[in-house]
Amino acid sequence: MGLRPNLLTRRTAGVASTTLALLLSTAAVGVVPAASAFSAAPTEACAEPADVHSDARVKAGAHAKHEPNELTAKETREREADLAAALRERANFRVGAGAAALATVTIPVIVHVIQEDSTRAGGNIPDSMINSQISVLNQSYSGATGGAATAFSFQLQKINRVTNPAWYPIVQGSSAERSMKSSLREGGKNTLNVYLGELSDDLLGWATFPKRRLDNMDGVVVLGESLPGGTATNYNQGDTGTHEVGHWLNLYHTFQGGCSGSGDGVSDTPAEASPAYQCPTGRDTCTAAGLDPITNFMDYTYDTCMYQFTAGQAARMLTAWDAYRAP
Ligand SMILES: [Zn+2]
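Presented here is an overview of the structure given in this document. (Residues numbered from 1 in each chain as written. Predicted model: local features only at pLDDT ≥ 70, side-chain atom pairs only at ≥ 80, totals over all residues. Heavy atoms only, no water.)

Quick notes on the pairing of strand 4 (residues 192–197)
Link 1 in the chain: Strand 4 sits mainly inside the fold: 6 of its 6 residues count as buried.
Link 2 in the chain: Burial of the side chains of strand 4 extends over both faces: Leu192, Val194 and Leu196 are buried on one face and Asn193, Tyr195 and Gly197 on the other.
Link 3 in the chain: Of the pairings in the sheet, the one linking strand 2 (residues 105–115) to strand 4 comprises 5 bridges and is parallel in character. The residue bridging His112 from the neighbouring strand is Tyr195, located in strand 4.
Link 4 in the chain: Across 4 bridges, strand 4 lies against strand 6 (residues 220–223) in parallel orientation. (Buried < 20%, exposed > 50% of the residue type's maximum accessible area, 1.4 Å probe, protein only. Helix = DSSP H or I, 4+ residues; strand = E, 2+ residues; numbered from the N terminus. Pairing = 2+ DSSP bridges.)

Some remarks on the nonpolar core
Link 1 in the chain: Ile107, Tyr141, Phe152, Phe154, Leu192 and Leu249 are the most contacted members of the largest nonpolar core, which has 33 residues in total.
Link 2 in the chain: Secondary structure elements with two or more residues in this core: strand 2, helix 4 (127–142), strand 3 (152–163), strand 4, strand 6, helix 6 (239–248) and helix 7 (311–325).
Link 3 in the chain: Grouped together as the second largest cluster of nonpolar side chains are 26 residues, Leu184, Ala276, Tyr277 and Cys279 included. (Core = buried A, V, L, I, M, F, W, Y, C linked by side-chain atoms within 4.5 Å.)

Concerning the pattern of salt bridges
Link 1 in the chain: Applying the stated criterion to the full structure yields 13 salt bridges.
Link 2 in the chain: Glu89 serves as the salt-bridge partner of Arg212, at 3.0 Å between the closest nitrogen and oxygen. Within this pair, whereas Arg212 is found in the loop between strand 5 (203–208) and strand 6, its partner Glu89 is found in helix 3 (residues 73–93), the two being separated by 123 residues in sequence.
Link 3 in the chain: A residue is classified by how much of its surface remains accessible, and Glu89, at 47% relative accessible area, is partly exposed.
Link 4 in the chain: Through salt bridges that share partners, Asp82, Glu89 and Arg212 make up one connected network. (Salt bridge = Lys/Arg side-chain N within 4 Å of Asp/Glu carboxyl O.)

Some thoughts on unusual backbone geometry
Link 1 in the chain: With an omega of 0°, the peptide bond between Tyr168 and Pro169 qualifies as cis.
Link 2 in the chain: Of note, Pro169 is situated in the loop between strand 3 and helix 5 (175–184).
Link 3 in the chain: Positive phi values are uncommon outside glycine, yet Asn234 reaches one of about 75°.
Link 4 in the chain: In the Ramachandran plot, Gln278 falls in the positive-phi region, its phi being about 60° despite a non-glycine side chain.
Link 5 in the chain: Relative to the helices and strands, Gln278 is located in the loop between helix 6 and helix 7.
Link 6 in the chain: Residue Gln278 is classed as buried on the basis of its relative accessible area of 12%.

Comments concerning the packing of helix 4 against helix 6
Link 1 in the chain: For the pair helix 4 and helix 6, interaxial distance at closest approach is 9 Å and the crossing angle is 60°. Classed by the angle they form, the pair helix 4 and helix 6 counts as oblique. As for the relative orientation of helix 4 and helix 6, their crossing is right-handed in sense. Along the contact surface, helix 4 presents Gln133, Val136, Leu137, Ser140 and Tyr141, while helix 6 presents Asp239, Gly241, Thr242, Val245 and Gly246.
Link 2 in the chain: In terms of residue class, the contact of helix 4 with helix 6 is built from 4 nonpolar, 5 polar and 1 charged. (Axes fitted to C-alpha atoms, helices over the stretch in contact; angles between N-to-C directions. Parallel < 35°, antiparallel > 145°, perpendicular 65-115°, else oblique. Left-handed = near helix turned anticlockwise from the far one by under 90°. Contact = heavy atoms within 4.5 Å. Nonpolar A, V, L, I, M, F, W, Y, C, P; charged D, E, K, R; others polar.)

Take a look at the structure:
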């Protein structure tokens with residue numbers, strides 16, 4: 001009973017904020033707290049990601065400067081071939097086990113809070129916001145916000161607070177990121193490690209896709225102030241977390257591949273030529289049937305605008321779980 005109003009609230013908020021969003025959009029780049037501290041860094045540095053098995057979410061306006069992790073057609077072909085191979089491997093290993101072997105999955109979550117110092121501006125995100133983020137994940141992945149229900153739920157195991165100015169902000173693709181994750185990552189393939197902090201390059205977050213062989217880069221990095229109640233205007237309802245975990249569970253962006261080919265590999269997300277920002281009305285960038293899936297968690301719209309996964313995405317995540325992450 002409580003679900004529908006939630007959906008309506010979020011949809012209405014998305015529409016209502018569009019005008020304001022348009023007015024604010026040119027200022028959005030400058031809104032990022034502490035980004036100025038990093039603006040002296042070379043802007044081309046992350047044009048080619050060090051780790052192609054990751055993907056990011058960017059703020060509106062930031063994309064003109066940085067598109068660090070969108071996959072090429074070749075990379076998605078390689079990933080799809082790897083998924084098929086991983087499924088064959090699993091089928092041989094676990095006789096009779098298919099993609100539907102696990103109907104419900106509870107994912108243990110370790111949250112690492114990377115801080116420069118003990119202040120909020122220095123990354124000290126309170127436990128209450130982290131608990132709210134876990135609730136947002138559980139709502140998003142259960143379908144409670146209006147989308148398809150997925151198999152996944154999330155259980156917070158631990159909050160690990162780390163004060164280390166050398167890791168702050170977290171710089172995508174840097175040796176410091178590698179060092180941070182190598183030092184901190186915990187658990188097996190099924191354990192979700194979340195790193196919170198200030199991020200480089202106006203990014204909201206990035207994530208690794210699943211791999212057959214676990215390495216310690218595995219996990220998601222999320223702007224701390226994007227958690228529910230944070231200061232990242234228009235991106236502070238926790239949907240960056242939802243989006244990045246979607247990548248961690250093998251989802252592509254809804255605009256992957258543009259209007260041609262297999263797109264994001266999911267049949268019930270209409271093709272989309274490019275990322276959507278803010279909360280556009282009636283956007284339709286491909287001639288194929290259907291408006292652009294701007295309300296999908298795997299687009300780039302405002303948190304107020306995105307509220308759903310599709311059944312096809314839910315199935316893709318479960319297949320990938322069985323192939324890559326199931327214990
Ligand atoms: Zn993304």
